[in-house]
Amino acid sequence: MAQSPSIQWFPGHMAKTRRMIESHVKLVDLVVEITDARIPQSSRNPELPKWIGNKKRLIVLNKCDAADPKITAQWLAWYQAQGIPAIAVDAKTGRGMEKFLPKVREILSEEISRREQRGMAGRPLRMMIVGIPNVGKSSFINRAAKERRTRVEDRPGVTVGKQWVSIAKDVELLDTPGVLWPKFEDQAVGERLAFTGAVKDQVMDVELLAIRLLSWLREEYPQLLERFKMTPSDIEGLEDYELLELAGRKRGMLVSGGEVDTLRAATMVLDEYRGGKLGKLSLEIPPQEEQA
Ligand code: G4P
């Protein structure tokens, strides 16, 4: 069985991302960091605050339709307690998107009044979207720009080759998101990223992952194991790997000789979680003690 999930990141890739973020950040008033509401902290790149300096930012907990609403509310309160503005949305259907522009204006209220005082009120507020792969950056941009999919002409002296999308009379969005890489030294963070599909299965042991997910479900949401026809008495006293075997057996995933096809069972468990079939499930809760 494979060891803990780990990924080698190429230093060149990191440097390129950092340079891209640092150069784009100069062009905007706000950085909008998209995260996955099921794993809000694990789906962030901890280096980002360093790269954006003191630029204002907004955290978007996307995919809130797939997360436990009670835990999402706890995360919003936690970010607020840290002084970091955050909203929860579902970019796929657009639920919660109505909070986005009012929040942007609230965060940038000082900038807006400064511009008004200087007679620059017509200058648009600009922002960029960043986030690790698969958190819904493109979906968010499409959703935000839905009503006004008009490209803004490049302005001489402002940007070369950048495309801005107007999302309100006075708000523009850089239409190419900044792709961050997920970063983790902690195995639990790597696992959460793999559970949601943010880290590709090719670099993970699928069976190990499914076993870890089933074991976590047994701890936190045992009733959800009924999806795999596993009752509380079925799972009592089982080793973690036996949970996967049982899930496969209950779904009739057998190979000749009556053995369970555990690879097929593992793929099924992960696909059903990722596809939201297990219900609204948060994989991470806010830290108990305050953290910057
Ligand atoms: P990215 O730019 O950050 O890489 O992410 P992207 O928008 O491509 O979204 C990645 C996947 O997440 C897509 O699913 C997308 O539909 C889904 N997604 C985005 N926002 C939400 C959300 O708020 N809720 C849920 N449940 N899913 C969301 P996919 O399977 O790759 O494609 P498809 O299902 O759209 O065909």
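Residues numbered from 1 in each chain as written. Predicted model: local features only at pLDDT ≥ 70, side-chain atom pairs only at ≥ 80, totals over all residues. Heavy atoms only, no water.

Around the ligand lies a shell of 14 residues, among which D65, N134, K137, S138 and S139 are the nearest. G136 places a polar main-chain atom, nitrogen or oxygen, 2.9 Å from an oxygen atom of the ligand. Within the side chain of S139, an N or O atom sits 2.6 Å from an oxygen atom of the ligand. Bound to the protein, the ligand loses 61% of the 700 Å² it would expose on its own. One can see that the ligand is located within the second largest pocket. When its residues are assigned to classes, the shell around the ligand shows four nonpolar, five polar and five charged. (Near = heavy atom within 4 Å. Polar contact = N/O pair within 3.5 Å; in protein donor to acceptor, adjacent residues only side chain to side chain. Areas by Shrake-Rupley, 256 points an atom, 1.4 Å probe, with all protein chains shown as cover. 1 Å grid on protein atoms, 1.4 Å probe; cavity = no way out; pocket = protein on both sides within 12 Å on 5 of 7 lines; lining within 4 Å. Sits in = over half its atoms within 2 Å of the grid points. Nonpolar A, V, L, I, M, F, W, Y, C, P; charged D, E, K, R; others polar.)

Let us look at the pattern of salt bridges. Close approach of charged atoms allows side chains of opposite charge to pair. Counting across every chain of the model gives 17 salt bridges. With a shortest N-O distance of 3.8 Å, R18 and E22 are connected by a salt bridge. Residue R18 and its partner E22 are both found in helix 1 (residues 11–25); the two are separated by four residues, about one turn of the helix. For R18, a relative accessible area of 35% gives the class partly exposed. Between E172 and R126 there is a salt bridge, with the nearest N and O atoms lying 2.9 Å from each other. With E172 in strand 7 (residues 171–174) and R126 in strand 4 (residues 125–131), this pair connects stretches of sequence that are 46 residues apart. Relative accessible area serves as the criterion here: at 5%, E172 is assigned to the buried category. Owing to a relative accessible area of 8%, R126 belongs among the buried residues under this scheme. The network of salt bridges with common partners includes D29, E111, R114 and R115. (Salt bridge = Lys/Arg side-chain N within 4 Å of Asp/Glu carboxyl O. Helix = DSSP H or I, 4+ residues; strand = E, 2+ residues; numbered from the N terminus. Buried < 20%, exposed > 50% of the residue type's maximum accessible area, 1.4 Å probe, protein only.)

Running from N to C, helix 10 (residues 240–250) and helix 11 (residues 262–274) cross one another at 90 degrees; their axes reach a closest spacing of 9 Å. The angle between helix 10 and helix 11 falls in the class roughly perpendicular. Contact residues: helix 10 offers L244, E245, A247 and G248, while helix 11 offers T262, A265, A266, M268 and V269. Per-class residue counts for the contact of helix 10 with helix 11 are six nonpolar, two polar and one charged. (Axes fitted to C-alpha atoms, helices over the stretch in contact; angles between N-to-C directions. Parallel < 35°, antiparallel > 145°, perpendicular 65-115°, else oblique. Contact = heavy atoms within 4.5 Å.)

The next point concerns the layout of surface pockets. The method is simple in principle: a probe with the dimensions of a water molecule rolls over the atoms, and the space it marks as empty is what remains. Counted as a void, the second largest pocket has a volume near 340 Å³. Residue lining of the second largest pocket: 15 residues in total, with K63, D65, A66, K92 and R274 positioned closest to the centre. In terms of residue class, the lining of the second largest pocket is built from three nonpolar, six polar and six charged. (Points joined across faces, edges and corners; volume = space filled by probe spheres on them.)

Structurally, R227 can be placed in the loop between helix 8 (206–220) and helix 9 (232–235). Since its relative accessible area comes to 35%, R227 is described here as partly exposed. For the pair R227 and L278, spaced 51 residues apart in sequence, the C-alpha separation works out to 7.0 Å. Each residue touching R227, except ones within four places of it in the same chain, is listed here: R251, E272, K277 and L278.

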